[in-house]
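The primary structure of each chain is shown beneath.
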Amino acid sequence: MKYIDEYRDKEIVATIVAGIRRISRKEIALMEVCGGHTMAIHKFGIPYLLPENIKLLSGPGCPVCVSSRHYIDQAIAYSRLNNTIITTFGDLMRVPGSTSSLEKEKAAGAEIIIVYSILDALQIAERNSSKKVIFLAIGFETTAPGSAAGVLNAANRGVKNFLLFSSHKVMPPAMKALIHEGVKIDGYIAPGHVSTITGTDMYKEITDKYGLGCVISGFEPVDLLQSIYMLVKQAETGRPAVEIQYRRAVRPEGNLKAKEILNEVFTYRDDWWRGLGILKDSGLAPKPRYREWDAEQMIPVDVEETREEKGCICGEILKGLKSPGDCKLFGRDCTPSDPVGTCMVSNEGSCHAFYKYGRKG
Ligand code: SF4
């Protein structure tokens, strides 16, 4: 199958692994900041192929994992209002709030509908004009243009009962915060999907100012190993750079149309990340001219006090400081069918990946 078979070819994999082993001398730590990469790295057993001196760390790349419990609590509070429908992607349903979850609220009678795109949510709003329909918008630069397009569609079609509840975040502030926190990182396996939208410019500061390489990677074994090879080479030669391994999808300038839509609808705001706290200009909220479609601006709601789960170390895991195996709850009190923290709920979370594939860190 094109774009699959050649990127899983055992001989090519073996050649790249041999190349990594040939050039790799230093102890280095490489971090992926994309949940899709986290899953692929563990699914394909990439850590087992590398020499001991190369450590792979998982960073804050899972949008569900980094979002605040307060966000879920607020979504639950919205779901309890009369004449209100919550529309969401399925992966938020089981994320624990402080005392409930969207799944539990639905079972208790709240109108919560799983959708596959924001346009589905918009159609639900058009069919239910007497109700407010709130779309839970999470994700990084990859999904934010879709949300922006949804708002523009609602505005153009005059759909006034459709509202966005944004938890969209952008990557660079988190990547820089990790460096400031002193996490030992020698290079980033930069996110493939995010970069299809943003292009390469946003990584320049990480390379120029902080001296870390960024290689934008695809998601197959050959992609990931080739990216690791490129980062090892940069580290060994002392020449950090922004490079694109994932050339079949990423262009240096990114997706100009998507960026234009994103900039039309959203503005930056300070936002909270699990493990990292509040980071300046790291979140996206609708601009004032789109406030009519912004749930936070239009629907005041009382939200219960946020309570974090005791014993969960998702925050440390998202900073690459601990591994899921370090958590006392892992695999016993916390499993994908009965998750305690967000890193176990989401398919893209490190704990979920470790549990599913039983791999080493
Ligand atoms: S195993 Fe569960 S409780 Fe522990 S860090 Fe992961 S998600 Fe949190």
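Note that the coordinates shown come from a computational prediction; the quantities given were computed from them, not determined experimentally.

**A few points about the overall build of the protein**
Reasoning step 1: Helices and strands together make up the secondary structure of the protein, namely 17 helices and eleven strands.
Reasoning step 2: Taken over the C-alpha trace, the protein has a radius of gyration of 21 Å; the compact-globule value for 361 residues is 21 Å, and the two agree within 12%.
Reasoning step 3: Dimensions along the principal axes, computed over C-alpha positions, put the protein at roughly 65 × 45 × 40 Å.
Reasoning step 4: Every one of the 361 residues in the protein was classed for burial, and the buried ones make up 56%.
Reasoning step 5: For the protein, long-range pairs separated by at least 24 residues make up 77% of all intrachain contacts whose partners lie at least 6 apart in sequence.
Reasoning step 6: Total accessible area on the protein stands at roughly 15900 Å², and carbon and sulfur atoms take up 49% of it.
Reasoning step 7: Between the mean site of the 46 positive side-chain charges and the mean site of the 43 negative ones, the protein shows a separation of 2 Å.

**Focus: the packing of aromatic side chains**
Reasoning step 1: Within this structure, the stated rule accounts for seven aromatic pairs.
Reasoning step 2: When the ring of Phe89 is compared with that of Phe135, the centres are 5.5 Å apart and the planes differ by 90 degrees; the resulting orientation is edge-to-face. One end of the pair, Phe89, is in the loop between strand 3 (84–88) and helix 6 (102–107); the other, Phe135, is in strand 5 (residues 132–139), and 46 residues separate them in sequence.
Reasoning step 3: Judged by its relative accessible area of 27%, Phe89 falls in the partly exposed class.
Reasoning step 4: With centroids separated by 6.2 Å and ring planes inclined at 70 degrees, the aromatic side chains of Phe330 and Tyr355 adopt a geometry described as edge-to-face. Linking Phe330 in the loop between helix 15 (314–318) and helix 16 (342–345) with Tyr355 in helix 17 (residues 350–357), this pair joins segments that are 25 residues apart in sequence.
Reasoning step 5: Owing to a relative accessible area of 40%, Tyr355 belongs among the partly exposed residues under this scheme.

**Let's talk about the state of the cysteines**
Reasoning step 1: A complete count under the given rule lists one disulfide for this structure.
Reasoning step 2: With a sulfur-sulfur separation of 2.5 Å, Cys62 is cross-linked through a disulfide to Cys65. Torsion about the S-S bond of the Cys62 and Cys65 cystine: about 75 degrees, corresponding to right-handed handedness.
Reasoning step 3: We classify Cys62 as buried; its relative accessible area is 3%.
Reasoning step 4: When its relative accessible area of 0% is taken as the criterion, Cys65 is described as buried.
Reasoning step 5: Here Cys214 is not cross-linked by a disulfide; its sulfur's nearest cysteine counterpart is in Cys34, at 14 Å.
Reasoning step 6: Look at Cys214 and you get buried, because its relative accessible area is 0%.

**A short note on the pairing of strand 8 (residues 213–216)**
Reasoning step 1: Going residue by residue along strand 8, you find Gly213 and Val215 tucked away on one face and Cys214 and Ile216 tucked away on the opposite face as well.
Reasoning step 2: With four bridges joining them, strand 7 (residues 187–190) and strand 8 adopt parallel strand pairing. Within strand 8, the residue paired with Ala190 across the bridge is Ile216.
Reasoning step 3: Across three bridges, the pairing between strand 8 and strand 9 (residues 242–244) is parallel. The residue of strand 9 that forms the bridge with Val215 is Glu243.
Reasoning step 4: One crossover worth recording links strand 8 to the parallel strand 9 by way of helix 12 (residues 221–237), and it is left-handed.

**Details of the sheet that holds strand 2 (residues 54–58)**
Reasoning step 1: An order of 2-1-7-8-9 is seen for the five strands of this open sheet, with the pairing classed as parallel. Edge positions in the sheet fall to strand 2 and strand 9, since each has one partner strand and no second. If you compare each strand with its neighbour and ignore which way they point, the axes differ by 20 degrees on average.

**Some words on the nonpolar core**
Reasoning step 1: One finds Leu92, Ile134, Leu136 and Tyr188 to be the most contacted residues of the largest nonpolar core, which totals 66 residues.
Reasoning step 2: When residues in this core are grouped by element, the largest group, six residues, is from helix 9 (residues 171–180).
Reasoning step 3: Those residues in contact with Leu136 that sit more than four places away from it in its chain are Tyr71, Ala75, Ile86, Thr87, Thr88, Leu92, Leu102 and Phe165.
Reasoning step 4: Core analysis: the second largest hydrophobic core is formed by 24 residues, Ile124, Ala137, Phe162 and Val170 among them.

Reading guide: rules and limits
Residues numbered from 1 in each chain as written. Predicted model: local features only at pLDDT ≥ 70, side-chain atom pairs only at ≥ 80, totals over all residues. Heavy atoms only, no water. Helix = DSSP H or I, 4+ residues; strand = E, 2+ residues; numbered from the N terminus. Rg over C-alpha atoms; globule rule 2.2 N^0.38 Å. Buried < 20%, exposed > 50% of the residue type's maximum accessible area, 1.4 Å probe, protein only. Contact = heavy atoms within 4.5 Å. Areas by Shrake-Rupley, 256 points an atom, 1.4 Å probe, with all protein chains shown as cover. Lys, Arg positive; Asp, Glu negative; His and termini not counted. Charge placed at Lys NZ, Arg CZ, Asp CG, Glu CD. Phe/Tyr/Trp six-rings, centres within 6.5 Å; stacked < 30°, edge-to-face > 60°. Disulfide = S-S within 2.5 Å. Pairing = 2+ DSSP bridges. Right-handed = clockwise from strand over helix to strand, strands pointing away. Axes fitted to C-alpha atoms, helices over the stretch in contact; angles between N-to-C directions. Core = buried A, V, L, I, M, F, W, Y, C linked by side-chain atoms within 4.5 Å.

Everything listed here is a matter of coordinates, which is why it stays silent on function.
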